[in-house]
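Understanding the architecture of this molecule
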Amino acid sequence: MRQKRFAHWAGAMGGAVGVCTLTLFAGCDRLHPQPNAAASRPHVAWPAPPERERIELVQIFRAPSEIGIQRPFWRRLGDLVTGGREAHLVRPAGVAAANNMIAVADAGGGAVHLYDLERHRFHALSACGEARLREPVAVAFLNDRLYVADAGTARLDVFDLEGECAGGWKLDEGSRPAGLVADAARGRLYVANPSAHQVLAFDATGAVVARIGHRGTGPGEFNYPGWLALDARGRLYVTDALNFRIQIFEPDGTLVSTFGHLGDGTGDFARPKGVGIDRDGHIYVVDALFDAVQIFDTHGNYLLGFGRHGTREGQFWLPSGLTIDGDRIYVVDSYNQRVQVFRYLGGGE
């Protein structure tokens, strides 16, 4: 990826990896400790010294045990006899996190992995009633429900937090839902439908309350909208994938602004996917072709990037979904079959 410019935050996207001693790293992961994994993992942060660190890697998981959830003894004993093994991510696509719950949509595995970090429980969700999950690509928590967008069945399935099916509905014929984000303040669920080049807003019962956009390249129009995010004011951020930009809307659907264009330089987009907003309003955009996450200010100016192609800590192979919960940034590292968790360290503009 050609480096084009650097803002005051910026460090080189691929070279900003620092390694500290194990003693310095100890205690980095307070919320979900994994003593063995953390003790053997280098400290990875961006930007590189002497710049102040803004982002650090805190956790990587592929399976429940790597996030502190162990199988019951009798399950492990049974698996030892039968040759069974712990559930692992196959080809994850989307992620959601809230209130010590994490959900990962595993499109390759045809399942959603639901991790309850407070009660140390794990559920692998593969069906909702008679409807089997075929290609779940996105997840969102709204109140006490988990919503799942399935591109293979054109359905939105609903589960309670125990993993039990709580309903769902099918979208219009020919739909292929992608991104999903919940607006708890308005009781609203936004769904990107790339095949219709629209973003739909549903209420909790599945009734459509708004349709945003249509196919095109102008302001407020879409060319395969994919991933979605909300900021603290309820503004909607849409990855307009084949227009290579991010579009931002007020809750009433009024366009606020847009930024981004096709290119191979720093701050450009080649294959934009997951998007998220941190507590200071910075906009994070995954780019699958760059194998990186780029961070922009509220005006769309590039600040910093992290990650590069690879299989090591802090590197990506076709990353896709992204969500931010508090200061934790969850990035789905799809072809490495894992989720990497980073921490926003504050500072900046």
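Below or above, wherever it landed, is the structure these notes cover. (Residues numbered from 1 in each chain as written. Predicted model: local features only at pLDDT ≥ 70, side-chain atom pairs only at ≥ 80, totals over all residues. Heavy atoms only, no water.)

1. Here we look at the overall build of the chain
From N to C terminus, the chain includes three helices and 27 strands. A total of 349 residues make up the chain; the buried ones form 56% of that total. Long-range contacts, defined here as pairs at least 24 residues apart, represent 49% of the contacts in the chain between residues at least 6 apart. (Helix = DSSP H or I, 4+ residues; strand = E, 2+ residues; numbered from the N terminus. Buried < 20%, exposed > 50% of the residue type's maximum accessible area, 1.4 Å probe, protein only. Contact = heavy atoms within 4.5 Å.)

2. Observations concerning the sheet that holds strand 16 (residues 208-212)
With antiparallel pairing, the four strands of this open sheet are ordered in space as 13-14-15-16. Across the chains shown, the open sheet's two edge strands, defined by having one partner strand only, are strand 13 (180-183) and strand 16. Strand-to-strand twist across the sheet, computed as the mean angle between neighbouring axes with direction ignored, equals 20°. Taken together, the four bridges between strand 13 and strand 14 (residues 188-193) define a ladder with antiparallel strand orientation. Paired with Asp183 across the bridge in strand 14 is Arg188. (Pairing = 2+ DSSP bridges. Axes fitted to C-alpha atoms, helices over the stretch in contact; angles between N-to-C directions.)

3. Focus on the pattern of salt bridges
Per the counting criterion, the structure on display carries 14 salt bridges. Of the charged contacts, one joins Arg176 and Glu135 as a salt bridge, the two residues approaching to 3.0 Å between their closest N and O atoms. With a gap of 41 residues between them, Arg176 in the loop between strand 12 (165-170) and strand 13 and Glu135 in the loop between strand 8 (131-132) and strand 9 (136-142) connect regions that are remote in the sequence. The exposure class assigned to Glu135 is partly exposed, which follows from its relative accessible area of 25%. Between Asp144 and Arg145 there is a salt bridge, with the nearest N and O atoms lying 3.6 Å from each other. On the accessibility criterion, Asp144 (45% relative accessible area) is partly exposed. Each member of the salt-bridge network shares a partner with another, and the members are Asp116, Arg119, Arg121 and Glu162. (Salt bridge = Lys/Arg side-chain N within 4 Å of Asp/Glu carboxyl O.)

4. Observations regarding the pairing of strand 13
Here strand 13 shows a buried face lined by Leu180 and Ala182 and a second buried face lined by Val181 and Asp183. Connecting the antiparallel pair strand 13 and strand 14 is a turn made up of four residues, with Gly187 showing a positive phi of about 60°.

5. Here's the deal with the environment of Ile60
Note on placement: Ile60 falls in strand 2 (residues 55-61). Judged by relative accessible area, Ile60 falls into the buried class, the value being 11%. Remark: the alpha-carbon pair of Ile60 and Arg41, spanning 19 residues in sequence, is separated by 9.8 Å.

6. Some thoughts on the sheet that holds strand 10 (residues 145-150)
Taken together, the four strands give an open sheet; going across it, the order is 9-10-11-12, and neighbouring strands pair in antiparallel fashion. Every other strand in the sheet has two partners, leaving strand 9 and strand 12 as the edge strands with one partner each. Looking at each pair of strands side by side, their axes are set apart by 20° on average, direction ignored. With six bridges joining them, strand 9 and strand 10 adopt antiparallel strand pairing. Each residue of the ladder has a partner; that of Phe141, found in strand 10, is Leu146.

7. With respect to the packing of aromatic side chains
Per the stated rule, a full pass over the model turns up 14 aromatic pairs. Aromatic pair Trp46 and Phe306: ring centres 5.3 Å apart, planes at 45°, arrangement tilted. Highlighted residues: Trp46 in strand 1 (residues 45-46) and Phe306 in strand 24 (residues 302-306), separated in sequence by 260 residues. For Phe306, a relative accessible area of 0% gives the class buried. (Phe/Tyr/Trp six-rings, centres within 6.5 Å; stacked < 30°, edge-to-face > 60°.)

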